[in-house]
Amino acid sequence: QMECTQQSQVDEVQTPLSPPAPVPWARLVPCMPSIHNTPVDLVAGTSRYWLGRSLARCDIHVKPGTSLEEKVQHVLEWAHSTISNQHCKITQLTTTNPPPGPGSSKDKQVTPSPPQIILEDNSGNGTFVNQTVHLKKGHQRILHSGDEICLVNPNTIRKQVKSERVTRSILQHYSYVFVISNKPKRPCVNPRAMNYAGSYPAPERGVAS
């Protein structure tokens, strides 16, 4: 009986561990988080992520926002329809430093440079960065940690929606804060407070995510 017990313990020790979870290189944090709109990790092994309305063609499926107000819900669904099936993509580009030149140490190894993160628009209405930069189809921009990505056009929304409160809510529902995971940790900041302190304050009560 003792031998069996010892053999079982040995078997347990020798059992291979499950592989570690992929390490994210970035994260998208919704400006209006909800049960259906949660942060998304962009993990190692996948260098390109598509965002859009198409569940089949996108890595990050953008779902319609929800509200307790019938009027706001109707506008949220309309705004969601202005997002393209494949609206935009985020790509991680990894490069390496050039090999050592003449006179350099032969033992010096080529080291990877910090990757660049590129946002490219593929939509009909454009993608907005930090509420000011309008990317049109085929246009690119380097993303930095803390940048805000909005998938709806504020000008289009304001032409259809007279209420500034509802407009702010729509913009928040379809906006994300891009965070690079390997950056030094900083004090936690509420994405809503950080990105909507000026023109887009936090939503008023009565508008649910």
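See the structure printed just above.
To keep things clear, this report deals only with the structure shown in the data block. Since the model is a prediction, treat every value here as computed from it, not as a measurement. (Residues numbered from 1 in each chain as written. Predicted model: local features only at pLDDT ≥ 70, side-chain atom pairs only at ≥ 80, totals over all residues. Heavy atoms only, no water.)

## Let's talk about the side chain of glutamine 86
Stage number 1. Structurally, glutamine 86 is set in the loop between helix 2 (70-81) and strand 5 (88-93).
Stage number 2. On the basis of relative accessible area, glutamine 86 is assigned to the buried category, the value being 17%.
Stage number 3. Among the polar contacts made by the side chain of glutamine 86, one reaches the side chain of arginine 57 at a distance of 2.8 Å.
Stage number 4. Beyond its immediate sequence surroundings of up to four residues, glutamine 86 is in contact with Trp50, Leu51, Arg57, Cys58 and Asn122. (Helix = DSSP H or I, 4+ residues; strand = E, 2+ residues; numbered from the N terminus. Buried < 20%, exposed > 50% of the residue type's maximum accessible area, 1.4 Å probe, protein only. Polar contact = N/O pair within 3.5 Å; in protein donor to acceptor, adjacent residues only side chain to side chain. Contact = heavy atoms within 4.5 Å.)

## Focus on the pattern of salt bridges
Stage number 1. On inspection of all chains with the given rule, the structure shows 5 salt bridges.
Stage number 2. Across the pair arginine 165 and glutamate 69 runs a salt bridge whose closest N-O atoms are separated by 3.1 Å. Here the residue arginine 165 occupies a position in helix 4 (residues 164-173), and glutamate 69 occupies one in the loop between strand 4 (60-61) and helix 2, the gap between them amounting to 96 residues.
Stage number 3. Lysine 89 serves as the salt-bridge partner of glutamate 120, at 4.0 Å between the closest nitrogen and oxygen. Here the residue glutamate 120 occupies a position in strand 6 (residues 116-121), and lysine 89 occupies one in strand 5, the gap between them amounting to 31 residues.
Stage number 4. With relative accessibility at 18%, the residue lysine 89 sits in the buried group.
Stage number 5. Residues joined in a network through salt bridges with shared partners are Arg158, Glu164 and Arg168. (Salt bridge = Lys/Arg side-chain N within 4 Å of Asp/Glu carboxyl O.)

In short, the description is geometric, and any link to function would need to be established separately.
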